[in-house]
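Structural description and commentary
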Amino acid sequence: MEPELDRQFLDFSVKKMDLLAGRIEACLGTLTEKQVWARGSANENAVGNLVLHLCGNVRQWIVAGVGSQPDVRQRDAEFAATGGVSIQELGDRLRGTVAEATAVMQRVTAARLAERLVVQEYPVSVLDAIYHVVEHFSMHTGQIILVTKMLTTSDLGFYAHLRTTAAHGQKTP
């Protein structure tokens, strides 16, 4: 028997956050400290900034907003950082934040999905907040992957299982 739709949504959200966090950690594992904090211009964010930003966003929307914990976010500091946080610490913070958020999402009930709350002055439902965070996390994960590929000129292998002979003129199954 299939789980109820609310459980499917919540379980998928947890699974997606874990997958994306793993991809970010893989990127961090291929970069040097210098690369993690490199910016092409003053208008760009370094990978380190994006990781700090994701931690702040996830904590604010899910841990504090949905989970009713204190909101301690300092958003401007996420973007102002130019170093001082090691690759190991970035990975630890990310994994810890995602673990806190997924624990909150696993406790959400069907009735709570429609509950209203205010996050960053936006009136949203719990479902809206979770959907926002997963989408936002996905967008910045894509940016981190792109920057990592550009800085390392390597294929990260996330979709190696899909490689076939299609590149050689044959159709994929």
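An account of the accompanying structure is given in this report.

Here the focus is the packing of helix H3 (residues 47-66) against helix H5 (residues 87-107). At a closest axis distance of 9 Å, the pairing of H3 and H5 adopts a crossing angle of 20°. By the angle between their directions, the pair H3 and H5 is classed as roughly parallel. Every pair of crossing elements has a handedness; the one defined by H3 and H5 is left-handed. Residue-level inspection shows Gly48, Val51, Leu52, Cys55, Val58, Arg59, Ile62, Val63 and Val66 of H3 in contact with H5, the latter providing Leu90, Arg93, Leu94, Thr97, Glu100, Ala101, Val104 and Met105. Class assignment for the residues of the contact of H3 with H5 results in 12 nonpolar, 2 polar and 3 charged.

When you line up the elements, valine 51 lands in helix H3. Sequence-wise, valine 51 and threonine 141 are 90 residues apart; in three dimensions their C-alpha atoms are separated by 8.8 Å. When near neighbours in sequence (up to four residues on either side) are disregarded, valine 51 contacts Ile24, Leu28, Leu90, Leu94 and Ile144.

This part covers the nonpolar core. A general trend in soluble globular proteins is that nonpolar side chains are found buried together. Membership of the largest hydrophobic core comes to 47 residues, with the highest contact counts inside it found for Val51, Ile130 and Phe137. Residue assignment for this core shows that the elements contributing at least two residues are helix H1 (5-30), H3, H5, strand S1 (116-119) and helix H7 (126-152). Element by element, the count of residues in this core is highest for H3, at 11 residues. Not counting residues within four places of it along the chain, the set of residues in contact with phenylalanine 137 comprises Met17, Leu20, Ala21, Ile24, Leu54, Val58, Leu94 and Val98.

Looking now at the pairing of S1. Of the two faces of S1, only the one carrying Leu117 and Val119 is buried; Arg116 and Val118 on the other face are not. The pairing of S1 with strand S2 (residues 122-125) spans 4 bridges and is antiparallel. If you follow valine 119 over to S2, its bridge partner there is tyrosine 122. Hairpin remark: S1 followed by S2, antiparallel, with 2 residues in the connecting loop; positive phi at glutamine 120, about 50°.

What follows concerns the packing of aromatic side chains. This model, assessed by the stated rule, comprises 1 aromatic pair. Between the aromatic rings of tryptophan 61 and tyrosine 122, the centroid separation amounts to 6.4 Å while the plane-to-plane angle is 25°, which identifies the pairing as stacked. Placement of the pair is tryptophan 61 in helix H3 and tyrosine 122 in strand S2, with a sequence separation of 61 residues. Note on tryptophan 61: relative accessible area 4%, which makes it buried. Taking relative accessible area as the criterion, tyrosine 122 reaches 48% and is therefore assigned partly exposed.

It is the contact of H1 with H5, at a shortest axis distance of 10 Å, that shows an interaxial angle of 175°. It follows that H1 is roughly antiparallel to H5 by the angle criterion. Seen from H1, the contacting residues are Arg7, Leu10, Ser13, Val14, Met17, Asp18, Ala21, Gly22, Ile24, Glu25 and Leu28; seen from H5, they are Ile87, Leu90, Gly91, Leu94, Arg95, Val98, Thr102, Met105 and Gln106. Residues of the contact of H1 with H5, tallied by class, amount to 11 nonpolar, 5 polar and 4 charged.

Conventions adopted
Residues numbered from 1 in each chain as written. Predicted model: local features only at pLDDT ≥ 70, side-chain atom pairs only at ≥ 80, totals over all residues. Heavy atoms only, no water. Axes fitted to C-alpha atoms, helices over the stretch in contact; angles between N-to-C directions. Helix = DSSP H or I, 4+ residues; strand = E, 2+ residues; numbered from the N terminus. Parallel < 35°, antiparallel > 145°, perpendicular 65-115°, else oblique. Left-handed = near helix turned anticlockwise from the far one by under 90°. Contact = heavy atoms within 4.5 Å. Nonpolar A, V, L, I, M, F, W, Y, C, P; charged D, E, K, R; others polar. Core = buried A, V, L, I, M, F, W, Y, C linked by side-chain atoms within 4.5 Å. Buried < 20%, exposed > 50% of the residue type's maximum accessible area, 1.4 Å probe, protein only. Pairing = 2+ DSSP bridges. Phe/Tyr/Trp six-rings, centres within 6.5 Å; stacked < 30°, edge-to-face > 60°.

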